[in-house]
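Notes for the structure review
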Amino acid sequence: MSLPTILTGGLDRESSWRLADYERRGGYQALRAIFSRPLSPDDVIAEVKKSSLRGRGGAGFPTGLKWSFMPRNLPGEKYLICNSDEGEPGTFKDRDILRWNPHAVIEGMIIGGYATGATRGYNYIHGEIFEVYERFEQALEEARVAGYLGKNILGSEFSFELFAHHGYGAYICGEETALLESIEGKKGQPRYKPPFPASFGLYGRPTTINNTETFANIPWIIGNGGDRFLEMGKANNGGTKIFSVSGHVNRPGNYEIPLGTPFVKLLEMAGGMRAGRKLKACIPGGSSMPVLPGDVMMNCDMDYDSIAKAGSALGSGAVIIMDETTCMVRALERLSYFYFEESCGQCTPCREGTGWLYRVVHRIEHGQGRQSDLDLLTSVADNIAGRTICALGDAAALPVKSFIQHFRDEFAYHIDNRRCLVPVEMQREGSRIYVGEPW
Amino acid sequence: MLSPEALRRIDTEIAKYPADQKQSAVMAALAIAQQEKGWLAEDTMAFVADYLGMPQVAVLEVATFYNMYDLSPVGKSKLTICTGLPCALSGADEAADHLREKLGVGFSEVTADGSFMLKEGECMGACGDAPVLLVNNRRMCVRMNKERIDALLDELNS
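The structure presented is a predicted model; accordingly, all values stated were derived computationally and were not measured.

Description of the sheet that holds strand β2 (residues 120–125) of chain A
Residues and elements named next belong to chain A. Spatially, β3-β2-β1-β4 is the arrangement adopted by the 4 strands of the open sheet, whose pairing is parallel. With one partner strand each, in any of the chains shown, β3 (161–166) and β4 (207–211) form the two edges of the open sheet. Sheet twist, expressed as the mean angle between neighbouring strand axes with direction ignored, is 20°. Taken together, the 5 bridges between strand β1 (residues 79–84) and β4 define a ladder with parallel strand orientation.

Let's talk about helix α4 (residues 56–65) of chain B
Since the α-helix turns once every 3.6 residues, residues separated by three or four places project in the same direction. Along α4 of chain B, the positions that sit buried rather than exposed are A58, V59, V62, A63 and F65 of chain B. On its buried face, α4 of chain B is in contact with α2 (26–37) and α3 (42–52) of chain B.

Examining the domain arrangement of chain B
Assigned domains within chain B: domain 1 (4–65) and domain 2 (77–157). On a C-alpha basis, the centroid separation for the pair domain 1 of chain B and domain 2 of chain B is 28 Å.

Let's talk about the layout of surface pockets
Roughly 1400 Å³ of volume is contained in the largest pocket. G57, G58, A59, G174 and E175 of chain A are, among the 50 residues lining the largest pocket, the residues nearest its centre. Of the residues assigned to the lining of the largest pocket, the class counts are 21 nonpolar, 17 polar and 12 charged. Here the second largest pocket defines a volume of roughly 600 Å³. Forming the walls of the second largest pocket are 28 residues, and the residues nearest its centre are R330, E333 and R334 of chain A together with A88 and D93 of chain B. Breaking the lining of the second largest pocket down by element, the ones donating at least two residues are α14 (328–342), α15 (348–365) and α18 (424–430) of chain A together with α5 (85–88) and α6 (92–103) of chain B. At 5 residues, α14 of chain A tops the list of elements feeding residues into the lining of the second largest pocket. Classifying every residue of the lining of the second largest pocket by side-chain character gives 11 nonpolar, 8 polar and 9 charged.

Here is what the cut-offs are and how they apply
Residues numbered from 1 in each chain as written. Chains lettered and ligands numbered in written order. Predicted model: local features only at pLDDT ≥ 70, side-chain atom pairs only at ≥ 80, totals over all residues. Heavy atoms only, no water. Pairing = 2+ DSSP bridges. Helix = DSSP H or I, 4+ residues; strand = E, 2+ residues; numbered from the N terminus. Axes fitted to C-alpha atoms, helices over the stretch in contact; angles between N-to-C directions. Buried < 20%, exposed > 50% of the residue type's maximum accessible area, 1.4 Å probe, protein only. Contact = heavy atoms within 4.5 Å. Domains from an automatic or database assignment. 1 Å grid on protein atoms, 1.4 Å probe; cavity = no way out; pocket = protein on both sides within 12 Å on 5 of 7 lines; lining within 4 Å. Points joined across faces, edges and corners; volume = space filled by probe spheres on them. Nonpolar A, V, L, I, M, F, W, Y, C, P; charged D, E, K, R; others polar.

Below you can see the structure in the form of structure tokens.
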């Protein structure tokens, strides 16, 4: 049985990014309906609230509520930002939305602009996906020529400009205030909150920031109604969600499923475990979220509340699968290096702590660990989390704490025996993949 | 300093932002300058600063903060391979070893003939197509097993 989809169904991945193809699929009808019915900005926000759409970037904040924070009637420039700076290890859904369905994002942003009173929008696109950025620029041009962007859109009173901004390699710019600094032409270092972007955002003006997948869902919600969206998922977890499945599965890739679908179903869609091996561990929401043991994961449903109950978080929907050939020390070493490398250096606990975490895990992995290191790691992690301006500190701390919590014996074995529980040749064997056509 | 074509592209970027916010185009301007010059020398950054009406130090801050800017020569082709956890679970370590062996250089080194630089990268947001490799910041190559790496190197060498 195939599951219902909103964002990825019926796309040929050849011409599906083109305006004509999008219109043939019913594209821009939601925007037209807003002006013809007509729907007020409050009506639009009410519909989005009803859908129970939660932010798809990682935090899961209710989108309708976020939109209602904008001081819509304040005169002057107001901004709407799409966060396509997708760089959380394991997450690769926005890239596929942008390369195969960019007009859904554009239409979602125009509707978002109308609802929040924004005058101008930017889509901040991850540096490493230049080809996707170029295509998005082309899609924007198509929308401008067709009158969906610019002054008096579709003959209405509403005007909205939209541009693409290309990042250049900084994970931290996925943090919304770092992203704003980056658009302003500065280092991407997060700002203190409050003030929140809705009152002091880009260039000090009211600003709303949402994820790519969040915006892409908006046209469907307006076109089909918030109730129908909610029904596709489950209470408090409306709609479908794209899960990026990576690691030890036969068919890594993006899979769109209704929220609340059992994890085992998702695993099956991704081709199951490589060579029929056993699931050892899974990070269900991107590398910043706590790892869960395989047996816990096998009993989870894929929605915000179920994953939270199991002790992790749905995050960005990046499901990293690790089978029994994985050395958990080596896996944590690589994750810790990522946060060390990507810390922006602004807050001392994160700047110094991420390096400290990496060095200690590194020495355990290389046979020079001490038993006291496990408590040391937990202590350093505890002293980073909650003591920094942004969540990168927490993101660096959570994997460390959860890896040690669930796999303490393996870490202890590594320290005592000065080598991996899993032989290196076996790790290499586990990482061999079938190379076929992309998704 | 930069070609008329590069300046035209920078002007297009400047036009995306409010008239009093030219500095917002600095990331794009540096990327365009780097593409033309191969890497960002001090005088190139000074030119960009002048063109956008920014202090030179503000441009340097941006150039040193974002990973994809190169402040020293990188060779004809810069190959950045992601070795992050999801890529490592799908063969990135093997791919990186193969690249080091074929090119005879380690990470952040340029081959003696100046044709390649090998870099270790962080998440490129394409983990489903791991291992992932980026050529000169712009061209993404996916599912890079040994055979595909060999084919790419042959292509870039020819």
